[in-house]
Structures are given as C-alpha cells and as structure tokens.
Amino acid sequence: MKVNGQPQRTIWPTADNTAVEIIDQTKLPHEFVTVRLESMRDAERAIRDMQVRGAPLIGVTAAYGVALSMRHHASDAALRASCDMLLAARPTAVNLRWGVERMRALLAPLAVEQRADAAWHQAAVIAEEDVQINRAIGLHGCDLIRAIYQRTKSTVNILTHCNAGWLATVDWGTALAPIYAAIAENIPLHVWVDETRPRNQGASLTAWELGQHGVAHTVIVDNAGGHLMQHGLVDMVIVGTDRVTARGDVCNKIGTYLKALAARDNGVPFYVALPSPTIDWTLQDGVQEIPIEERAAAEVTHISGLADDGKIYTVRVTPPDSPVANYGFDVTPARLVTALITERGVVHAPDEAKLRAAFAAS
Ligand code: MRU
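Draft legend 1. Here's a closer look at the environment of A118. Summarising the element assignment, A118 is placed in helix α5 (residues 112-152). In the structure, A118 is positioned 51 residues away from A67 in sequence and 8.3 Å away in space, judged by C-alpha atoms. Among residues more than four places away in sequence, those in contact with A118 are L106, L107 and L110.

Draft legend 2. Representation of the packing of aromatic side chains. In the structure shown here, the tally under the stated rule is 4 aromatic pairs. Taking the centre distance of 5.4 Å and the plane angle of 70° together, the rings of Y64 and W120 count as edge-to-face. Placement of the pair is Y64 in helix α2 (residues 55-72) and W120 in helix α5, with a sequence separation of 56 residues. Judged by its relative accessible area of 8%, W120 falls in the buried class. With a centroid separation of 6.4 Å and an interplanar angle of 45°, the aromatic rings of W166 and W208 are classed as tilted. Here W208 lies in helix α7 (residues 201-212) and W166 lies in the loop between β6 (156-160) and α6 (177-184), a separation of 42 residues in the sequence. Summarising the burial analysis for this pair, W166 and W208 share the class buried. Grouping aromatic residues by their ring pairs yields a cluster made of F32, W166 and W208. When the ring centre of W120 is taken as origin, the NZ or CZ atom of R71, which lies over that ring, is 4.1 Å away. The side chain of K253 reaches across the aromatic face of F329, ending 4.0 Å from its centre.

Draft legend 3. Region of the structure containing helix α4 (residues 94-107). In this model, α4 (14 residues) spans 20 Å end to end at C-alpha, consistent with the 20 Å of a helix rising 1.5 Å per residue. Burial in α4 covers these residues: V94, N95, L96, G99, V100, M103 and L107. Where α4 is buried, its residues contact α1 (40-48), α2, α3 (76-87), α5, β10 (243-245) and β13 (279-280).

Conventions adopted
- Residues numbered from 1 in each chain as written.
- Predicted model: local features only at pLDDT ≥ 70, side-chain atom pairs only at ≥ 80, totals over all residues.
- Heavy atoms only, no water.
- Helix = DSSP H or I, 4+ residues; strand = E, 2+ residues; numbered from the N terminus.
- Contact = heavy atoms within 4.5 Å.
- Phe/Tyr/Trp six-rings, centres within 6.5 Å; stacked < 30°, edge-to-face > 60°.
- Buried < 20%, exposed > 50% of the residue type's maximum accessible area, 1.4 Å probe, protein only.
- Lys NZ or Arg CZ within 6 Å of the ring centre and 35° of its normal.
- Expected span 1.5 Å × (residues − 1).

What follows is the structure, encoded as structure tokens:
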C-alpha cells in the first residue's frame, strides 16, 4: 500500500541484507518512524512492545528474528534458544508459532554453515507469501462487498474492529484487503472504525491507513457498534483474527465477541478474514483452549495523545488506586460467524469439515 503516495510495506530487508526495517507502529498516527532490527533480540522486543503487531506481521517478524539470530550463531543450541525466546514474545496470535516452527523445520536438518543464508531466504519467502495470500483474501472478500452493493445500490457501510489492515500484515491486510479491492473497483463504501481501547489500534492505525488510501471512514467509540446496527447503518462487519480453531472459533482483539453478538441480534453478516497460518488445527474450543494475552495495567490506566503544543503526552484516566484487568483478546464462537474469508475462498457457516475441505491439498 502507499504512504504519502509511495509504495510501502511494514517490514523489509535492508539493501545490504544485514538487517530488517519496520515501521514503528507505536508512533502512528502522529509520526512515521522506521526502526532497524539487527538481532533476534531486536525482533523479539519489537513484537513484545508492539512496534510490530497484528498476527501475520508478528509471524513474519519472528521468521526474520530467527534469520537474524542465525547470522550471529547458527548452532543447534542457538536455534533452539532463539525460537524459544521468540515464541514467548506474545501468546495469542498463532502466526508467531507458525512462523518460528516453519523456520525451525527448515533449518534444523541443515548443516550449521548453511543455516544463515537459508534462513534469510526463507523469511523473505514467508513475507512474500503473506502478500499473495492477502491479495487473494481481498478478491474473495470483495465479492461479498460487491454483492451487497448490487443489492442496495448505495454506499456499503462496513464496521471493523482493531487493525487488520496492511499494517497488521506485510501488505494489503486481511479484513481491510477486501475493502481495498472494492475501492479499486470503485464500489462506494464507508468504514466504521472501532477505536479499539486500550491501545487504540482502530483510532490510530486503521483510521491512518484508510486515510492514506483515501477510504471514507468514521472513528467510533468501541460501544457504538450495536447502536449503529440497530439503526441499519452497518451492512456488514469484517474483522481479522489472531487464531481460528479447527471448528472455526475466532479469537480476535478484545471486544470482537460483543460485535458478533450485536451483529447476530440485528441480522448483520459478521465476516472474519484470515490467512491459513492463522488456523490452529490443534485446537477445537477457542474459549477454553486459546491462551488470552493479559497486558500491562498501564495500557488501561493511562492514555497518550498529541496535544495542541505538538508534543505527545501520556495522562492517567483512572483513580490511582483502582485495580485494572487488561485482557487483550476474546473468542467469538463459530456459530456467530457468517463466513470466514480465506485465501482459498469464503467458508460460509464454518465448521471443521468445511474448513478442512477448503484447505485440503489441491
Ligand atoms: O494486539 P494486536 O494489535 O496485535 O491485535 C491485532 C488484532 O487483533 C488483529 O485484528 C489480528 O491480529 C488480525 S491482523 C490481520
């Protein structure tokens, strides 16, 4: 996608192939800053501190993290240690495990002296695959948007939660990929952007990337979605996901489940866009089995923003002694999901049989 009219990805190798660069997403939307990752520890820190975030981008950054570690030490012990450290960076998005294990599976059988080059090449392959997968998700999801437009002949209103746009992937995004594809077809649409407290990925990131691309959008507080749906102002919901179980339960940013409930009560279709690395085939019951990340209380007790003097300030919003809980994700049961939008096509009323059929070798 483009930033200030220039093509931009979220992660890319430096020209001399000694490091990777990322966009520091903690600085958006007020500053566009890139950061150089030179070691596995840099990559691990970038994931943990959410300079990179979004399930697919976490997976690709972890793959590059393994590759960076192989540049320094490529022994079996070093491979094991760096994989373990990266795996512990964030618990919920399964793409992290997917990226790390794919690297480990390739590298472990190789001779130590072959590992650095092979790892670098493989990380680049994984990054490029992410782009192609998301492009396909965009085309399949666009069919759904187009169908609504052909029926209503008026602007399609889409509600999204968190950021599942190109910033959450290498390029295109998942939930926003169909939107970008529909914009390319000149389908008139408008996006309701949930602010997505506490870290405001919607207000800070989704609003920024939609604005950069010229997509009409309105930022709303997290609790506005039900009201909008009751008044016929939402034609469809599209969200991304951090982990989908084999039977189609969807884990995504906290608050997604409430949107799915409101959508069901109001007859609004609820779509989830995902690349296949987000499917955890080892799990069934998402509510019971998916580990939910709990993050620092400071994300809830404090908020940062740009003041009129042009400086960023962080201020407290809760009483100093009030305890805080900060659950990062929730699980929407498959029964509330109208369809999963994947690179293999749209899986309506998902269950394990349909999901497995979609991803059976072709
Ligand atoms: O905590 P984050 O910002 O990493 O959470 C991101 C989300 O919940 C996204 O919706 C999800 O990763 C899908 S990204 C294509």
